[in-house]
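Chains, contacts and geometry: an overview
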Amino acid sequence: AQSVTQPDIHITVSEGASLELRCNYSYGATPYLFWYVQSPGQGLQLLLKYFSGDTLVQGIKGFEAEFKRSQSSFNLRKPSVHWSDAAEYFCAVGAPLSYNQGGKLIFGQGTELSVKP
Amino acid sequence: DVKVTQSSRYLVKRTGEKVFLECVQDMDHENMFWYRQDPGLGLRLIYFSYDVKMKEKGDIPEGYSVSREKKERFSLILESASTNQTSMYLCASIRQGGSNQPQHFGDGTRLSIL
């Protein structure tokens, strides 16, 4: 069965420090992969996505993620965290199913990021 | 710009009430989704719809139903609300066949059942 695991429920980093949020997936083929961010009281905003090609993808707000097929991972990174990055982050897998199920996503449990001044 | 609107940001209802959560999108998307978000569990799919009057069960449909009478509107119904349905509910939409496109989310409805 398809699944997504985010091993870290909560991470705290200092402002200016680098960040890596982990995501592992289970899927029979190359999935479509997404990272979303949710600020308090808001819906989900797309940070970046991977479908094929270059395994290092760039997103908004200075985030990037690397797809590693051998490790079934899609970790999110940022070289220098800002206080405004404090939020909850979700990794998701999209299955390229039949047209009437297109877009269905499976989400990880989420990682809450706190930023220390 | 893409817009998914959920009718209420906060809602308080009583056990046993019939509750309607409304979602409207203005992008002419065929596929719409209802998720439930709980701490430590991420987002779990309740129901989705890929066309008017069409619906499919997601991973946790028990206690819920949905209605899609118009393309732009997707309603989630709690037939008889219970306290374990207290949660954040998120609606999303996507163009049909757009598995490689991101879902567009509303801001969520935080529902409390007393």
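Here the structure is shown first, and the text comes after it.
Residues numbered from 1 in each chain as written. Chains lettered and ligands numbered in written order. Predicted model: local features only at pLDDT ≥ 70, side-chain atom pairs only at ≥ 80, totals over all residues. Heavy atoms only, no water.

**With respect to the overall build of chain A**
Quick note on the threshold: In this text, helices come from DSSP runs of H or I with a minimum length of four residues, and strands from runs of E with a minimum of two, each type numbered from the N-terminal end. Only C-alpha atoms enter the radius of gyration, while the globule expectation follows 2.2 Å times N to the 0.38, with N the number of residues. Only protein chains enter the area calculation, which uses a 1.4 Å probe; residues under 20% of their type maximum are buried, those over 50% are exposed, and those in between are partly exposed. Contacts between residues were defined by any pair of non-hydrogen atoms, one from each residue, lying within 4.5 Å. Computed with a 1.4 Å probe, the accessible areas rest on the Shrake-Rupley method; for each residue, only the protein chains presented here act as cover. His is not counted, nor are the chain ends, whereas Lys and Arg count as positive and Asp and Glu as negative. Think of each charge as sitting on NZ of Lys, CZ of Arg, CG of Asp or CD of Glu.
In terms of helices and strands, chain A carries 0 helices and 12 strands. In chain A, the succession of helices and strands from N to C terminus is β-β-β-β-β-β-β-β-β-β-β-β. At 14 Å, chain A has a C-alpha radius of gyration in line with the 13 Å of a compact globule built from 117 residues. Across the 117 residues that make up chain A, the buried fraction comes to 45%. Put simply, 55% of the contacts in chain A that link residues at least 6 apart link residues at least 24 apart. Summed over all atoms, the accessible surface of chain A reaches about 5400 Å², with 48% contributed by carbon and sulfur. Each charge class in chain A can be summarised by its mean position, and for the 9 positive and 9 negative side chains these summaries are 5 Å apart.

**Digging into the state of the cysteines**
Rules: The definition used for a disulfide is geometric: two cysteine sulfur atoms within 2.5 Å.
Applying the stated criterion to the full structure yields 2 disulfides over all chains. Cys23 of chain A shares a disulfide with Cys91 of chain A; S-S distance 2.0 Å. Across the S-S bond of Cys23 of chain A and Cys91 of chain A the torsion is about -65 degrees, and the bridge reads as left-handed. Of the two residues, Cys23 of chain A is situated in the loop between β3 (19-21) and β4 (24-26) and Cys91 of chain A in strand β10 (residues 87-94); the sequence distance between them amounts to 68 residues. Grouping residues by exposure puts Cys23 of chain A and Cys91 of chain A together as buried. Sulfur-sulfur distance for the disulfide between Cys23 of chain B and Cys91 of chain B comes to 1.9 Å.

**Concerning the environment of Phe33 of chain B**
Tracing the sequence through the fold places Phe33 of chain B in strand β4 (residues 31-38). Taking the C-alpha atoms as reference points, Phe33 of chain B and Cys23 of chain B, separated by 10 residues in sequence, lie 9.5 Å from one another.

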